[in-house]
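# Coordinate inspection notes
Take a look at the letters that make up each chain.
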Amino acid sequence: MYGWLAAERVNSLARLGGLEREFSEILESSGSAGTDDEHDPEGATIAFERQHAAALLSRAREHLAQIDAAMLRLTEGSYDQCENCGQPIGAARLAARPVTTTCINCASQR
Ligand SMILES: [Zn+2]
């Protein structure tokens, strides 16, 4: 399980780096153009791209944080424990969702 998390962390970092580059490129191009988002059709496209890139970026950051949290729980020995009820999460569920923090019962109650 630790190997999977470590590999996923490397992937996630690489993805985050790519998204950050992409996002700063969009910011640069929209900044230099000095476009008006509301009236310039190209400005609206850039605004949409910027929003989309920002959403991807925050999702990637969130995923990385989940991986880090899972690794921390792994070293603390609480990785397999549901943070809500304290019961074991179960190997099958962890295999399907390695960054999950709740057991299937608690997850279905949300
Ligand atoms: Zn639970």
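Position numbers for residues start from 1 in each chain and track the written sequence from start to end. At least 70 in pLDDT is required for a residue's local features to be given in this predicted model, at least 80 for side-chain atom pairs to be given and counted, and no such filter applies to totals for whole chains, interfaces and linings, which use all residues. As a convention, hydrogens and water are excluded, and side-chain values are obtained from all of the structure's heavy atoms.

## Remarks on the overall build of the protein chain
The condition is simple: Put simply, DSSP H or I for four residues or longer makes a helix, DSSP E for two residues or longer makes a strand, and each gets a number counted from the N terminus. The size measure is the radius of gyration over C-alpha atoms, and the globule rule it meets is 2.2 Å times the number of residues to the 0.38 power.
In terms of regular secondary structure, the protein chain is built from four helices and zero strands. For the protein chain, the sequential pattern of α-helices and β-strands runs α-α-α-α. Here the protein chain has a C-alpha radius of gyration of 19 Å; the compact-globule value for 110 residues is 13 Å, and the former is much larger. Dimensions along the principal axes, computed over C-alpha positions, put the protein chain at roughly 55 × 30 × 20 Å.

## Points about the coordination of the zinc ion
The cut-off we apply is this: Distances decide who is a donor: an N, O or S atom must be within 2.8 Å of the metal, or within 3.2 Å for Na, K and Ca. Water is not included, so sites may look incomplete. The cut-offs for exposure are 20% and 50% of the maximum accessible area for each residue type, with area from a 1.4 Å probe on protein chains only; residues under the lower value are buried, those over the upper are exposed, and the others partly exposed.
C82 (SG), C85 (SG), C103 (SG) and C106 (SG) make up the full set of protein donors to the zinc ion, lying at 2.2 to 2.3 Å. Between consecutive donor residues of the zinc ion, the sequence gaps follow C-x2-C-x17-C-x2-C. With a gap of 18 residues between them, C85 in the loop between α2 (41-76) and α3 (91-96) and C103 in the loop between α3 and α4 (104-109) connect regions that are remote in the sequence. A relative accessible area of 38% places C85 in the partly exposed class.

## Thoughts on the pattern of salt bridges
Let me state the cut-off plainly: A side-chain nitrogen of Lys or Arg and a carboxyl oxygen of Asp or Glu constitute a salt bridge if their distance falls within 4 Å.
The full count for this structure, using the stated rule, is two salt bridges. Note that D68 and R9 form a salt bridge whose closest N and O atoms lie 2.5 Å from each other. Placement of D68 in helix α2 and of R9 in helix α1 (residues 2-33) is noted, with a sequence separation of 59 residues between them. Owing to a relative accessible area of 28%, R9 belongs among the partly exposed residues under this scheme. The residue E20 makes a salt bridge to R61 at a minimum N-O spacing of 3.2 Å. Of this pair, E20 sits in helix α1 while R61 sits in helix α2; the two residues are 41 residues apart in sequence, bridging distant segments of the chain. According to the relative accessible area criterion, E20 is partly exposed, its value standing at 35%.

## With respect to the environment of T45
Position of T45 relative to the elements: it lies in helix α2. Placed 15 residues apart in sequence, T45 and S30 show a C-alpha to C-alpha distance of 9.9 Å.

## Focus on the nonpolar core
Selection criterion: The term nonpolar core refers to a set of buried residues drawn from Ala, Val, Leu, Ile, Met, Phe, Trp, Tyr and Cys, joined through side-chain atoms within 4.5 Å.
Within the largest apolar cluster, 11 residues are counted, these being L5, I67, A70, M71, Y79, C82, I89, L94, V99, C103 and C106. With three residues, α2 is the largest single contributor of residues to this core.

## What to know about a negative patch on the surface
Stated formally: Think of a patch as exposed residues, more than 30% relative accessible area, with no salt bridge, where like charges cluster within 9 Å and nonpolar side chains (Val, Leu, Ile, Met, Phe, Trp, Tyr) cluster within 5 Å. All accessible-area figures derive from a Shrake-Rupley calculation using a 1.4 Å probe, and residue coverage is judged against the displayed protein chains alone. Just so you know, the count uses Lys and Arg for positive and Asp and Glu for negative, and it drops His and the chain ends. Taken as the charge centre is NZ of Lys, CZ of Arg, CG of Asp or CD of Glu, depending on the residue.
Judged by side-chain charge, E22, E25, E28 and E49 come together as a negatively charged surface patch. When residues in the negative patch are grouped by element, the largest group, three residues, is from α1.

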